[in-house]
Amino acid sequence: MEKIPVYFMPGLAASPVIFEHIKLPPDIFETYFLEWKMPEPDEALKHYAQRIVKGIKHNNPVLIGVSFGGVLVQEMAQIIKARKVIIISSVKCNAEFPRRMRFAKLVQAYRVFPTSLMERVEWVNRFSFGNNFITRRLKLYEKYLSVRDKKYLDWAFKTIILWDREKPEPGIVHIHGDADGVFPSRYLKDFIPVKGGTHIMIINKAKWFNQNLPAIITGD
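Structural notes, computed from the coordinates. Predicted model only: the values in this text are computed from it and were never measured.

Rules used throughout
Residues numbered from 1 in each chain as written. Predicted model: local features only at pLDDT ≥ 70, side-chain atom pairs only at ≥ 80, totals over all residues. Heavy atoms only, no water. Helix = DSSP H or I, 4+ residues; strand = E, 2+ residues; numbered from the N terminus. Expected span 1.5 Å × (residues − 1). Buried < 20%, exposed > 50% of the residue type's maximum accessible area, 1.4 Å probe, protein only. Polar contact = N/O pair within 3.5 Å; in protein donor to acceptor, adjacent residues only side chain to side chain. Salt bridge = Lys/Arg side-chain N within 4 Å of Asp/Glu carboxyl O.

1. Some remarks on helix H6 (residues 150-161)
Inference 1: Taking 1.5 Å of rise per residue, 12 residues should cover 16 Å, and H6 covers 17 Å from first to last C-alpha, within 8% of that figure.
Inference 2: All of the buried residues in H6 are Tyr152, Leu153, Trp155, Ala156, Phe157, Thr159, Ile160 and Ile161.
Inference 3: Of the residues flanking the start of H6, the one acting as N-cap is Asp149, its side-chain oxygen 2.8 Å from the backbone nitrogen of Lys151.

2. Digging into the pattern of salt bridges
Inference 1: One pass over the full model with this rule turns up eight salt bridges.
Inference 2: The closest approach of N and O atoms between Lys150 and Asp154, which form a salt bridge, is 2.7 Å. Taken as a pair, Lys150 and Asp154 lie in helix H6 at a separation of four residues, close to a single helical turn.
Inference 3: For Lys150, a relative accessible area of 33% translates into the label partly exposed.
Inference 4: Residue Asp154 is classed as partly exposed on the basis of its relative accessible area, which comes to 26%.
Inference 5: When the shortest N-O distance is used, the salt bridge between Arg165 and Glu169 registers 3.2 Å.
Inference 6: Exposure remark for Arg165: the relative accessible area of 11% places this residue in the buried category.

This is the structure in structure tokens:
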């Protein structure tokens, strides 16, 4: 039987390491991991998606994206034919944005977002000790956030806030945690809920994905 190619796109600034605990049955699936590229000056998301699509070497693949990566794979599916598009901890259109993101768009807050702080995560982490919440969160950032260039971060925050998709595309499979603080589930429609899932559930709810993702992909 021909294996199903599955391409994973991580979330904003994240590396494919976020998928390290996701294990699909190797006799059914072939897994591939896409990475963020540096954007060109004032690059439109559609043009950026065209560049990322060049990393896909199979016809009719499954595209899976997390958070901003979920937004990106939806744009990629406008360029190539996809067997299925699955988004995790993401949104299907800008109507699903929480109020704070709509307000950020209105006042153009992305122009003053302190993205330079994310460049300093490794430096700040040197001075964090113990096992408190902040220390654990900093260690997560250091491990999983691989793209800390301010030009990329400025582009990414601006691009997602200004995303112009007003209505969901038919057929998008949306998996979302009911405890997601970035994209609260109360603003969403038509999604597969994950009990207790936060915005980083691709990391700490890997068992749920390993149990359910194969059937979600194949439609069984």
